[in-house]
Amino acid sequence: MKRFVYADNAATTKMDIEAFEAMKPYLLQKYGNVSQLYSFAREPQKAIQEARETIASCIGALPEEIYFTSGGTESDNWAIKGSAFQHSGHRATITTAFEHHAILRACEAIERLGYPVAYMWPDKCGTVSPNILEQYITDETLLVSVMYANNEIGSIQPIKELCAVAHAYGALFHTDAVQAVGHIDVDVNDIGVDMLSASAHKFNGAKGVGFLFIRKGTPMSAYVDGGAQEHGLRAGTENVAGIVSMAVALKRNVDVLHQNQQHVLSLEKKLINGLNAAKIPFTKNGGKNTLPGIINLSFPKADGEAILHRLDLMGIAISTGSACNSQNTEISHVLKAIRLEESLAKGTIRISLGKENSEDDVDAILTGLKKILA
Ligand code: PLP
């Protein structure tokens, strides 16, 4: 059988086996509805409470500050819309031009309802500095939302400093930490954020489950109307199996976070050294402070989509920063936001390595890239 190399861990990750096993009893035996009063509901009730405590302890929050959702997209939508809808005065939201579409589209939706939104541009390394925020923020700003780390180029943002600026102006601060949680240290009290989004499938949990941290006392509207679940703010029968497995996956990643980081960083170094040794010209996007394992590379005069397809034929899964249609090449909004030259943007790929990857995987990627780019 042809060897398969999965190097698209920023898109999704393989489920942790213990997280998977933890789901099963809540689907097959302990499947009671958490909202019911009979004793059959007690075990799932207890399991959800324990998961809330575990997840809270992994990010320095209180259990009652964790609200379960269907994933990163819902958490982001809730943060943007739920805070805007608290205010009829239409105070402004500030975000960045290179957020995930879950934030950008949610912002466009509130704009259509008359809520003003401003989009900050990152510098060429993909960082939004507190100085940039100072140029946009006023005493009328309601919310600042800046991602913890960018999903395409991996650049980590100065969240603590940005949050301090927002608070100095009386604004709330949300961060989309979907790529960061479970991969780098995240402590909501250290950084001071009011809201934080996370998604289980990015840290070896199941797809379709995530959470929004909402600091106690933060004014927030309900996002999904219906039953009284999640303190009456997010209705819907709880995804007990998904929630339980998310807590197991997060705890297992956080317990060996630095070990995983070292492993992934050593693979990243091997890849970069291999490209240099092969004298393949490239630029690595995202500046110096990037998430371990997210390697965004631009090859001059190359075609990122063609590289993706040729690697795919070799059994290697990566992603690209541009996609061709019959008329032209569509460059991603992230590469546009960092003002990457068009010729480089067209030749951009994202390799995202995770704890499951090995040195052999990197060798296979290098062999593939050498064949394609020689
Ligand atoms: N935010 C970021 C930064 C992401 O990378 C993603 C997923 O790619 C999302 C939000 C959406 O998360 P989900 O797939 O859980 O809806």
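Residues numbered from 1 in each chain as written. Predicted model: local features only at pLDDT ≥ 70, side-chain atom pairs only at ≥ 80, totals over all residues. Heavy atoms only, no water.

Draft legend 1. The arrangement of the pattern of salt bridges in detail. Scanning the entire structure with this criterion turns up 19 salt bridges. Notably, a salt bridge pairs E342 with K346, separated by 3.4 Å at the nearest N-O pair. Taken together, the residues E342 and K346, both in helix α12 (residues 342-346) and 4 residues apart, mark about one turn of the helix. Three or more residues joined by partner-sharing salt bridges are found here, namely D16, E18, R252 and K355. (Salt bridge = Lys/Arg side-chain N within 4 Å of Asp/Glu carboxyl O. Helix = DSSP H or I, 4+ residues; strand = E, 2+ residues; numbered from the N terminus.)

Draft legend 2. Inspection of the sheet that holds strand β10 (residues 294-298) at higher detail. Strands sit in the order β9-β10-β15-β12 across an open sheet of 4 strands; the sheet is antiparallel. Single-partner strands in this sheet number two, and they are β9 (283-285) and β12 (319-320). Note that β12 and strand β15 (residues 348-352) share 2 bridges and pair antiparallel. Within the sheet, the bridge partner assigned to T320 lies in β15 and is I349. Of the strands in this sheet, β9, β10 and β15 touch helix α9 (residues 257-277), which is tilted by about 15° from β10. (Pairing = 2+ DSSP bridges. Contact = heavy atoms within 4.5 Å. Axes fitted to C-alpha atoms, helices over the stretch in contact; angles between N-to-C directions.)

Draft legend 3. Looking closely at the packing of aromatic side chains. The full count for this structure, using the stated rule, is 6 aromatic pairs. Centroid distance Y31 to F40: 5.1 Å. Interplanar angle 80°. Geometry classified as edge-to-face. In this structure Y31 comes out as exposed when scored by relative accessible area, which is 55%. Note on F40: relative accessible area 37%, which makes it partly exposed. Of the aromatic side chains, those joined through ring pairs into one cluster are Y67, W78 and Y223. (Phe/Tyr/Trp six-rings, centres within 6.5 Å; stacked < 30°, edge-to-face > 60°. Buried < 20%, exposed > 50% of the residue type's maximum accessible area, 1.4 Å probe, protein only.)

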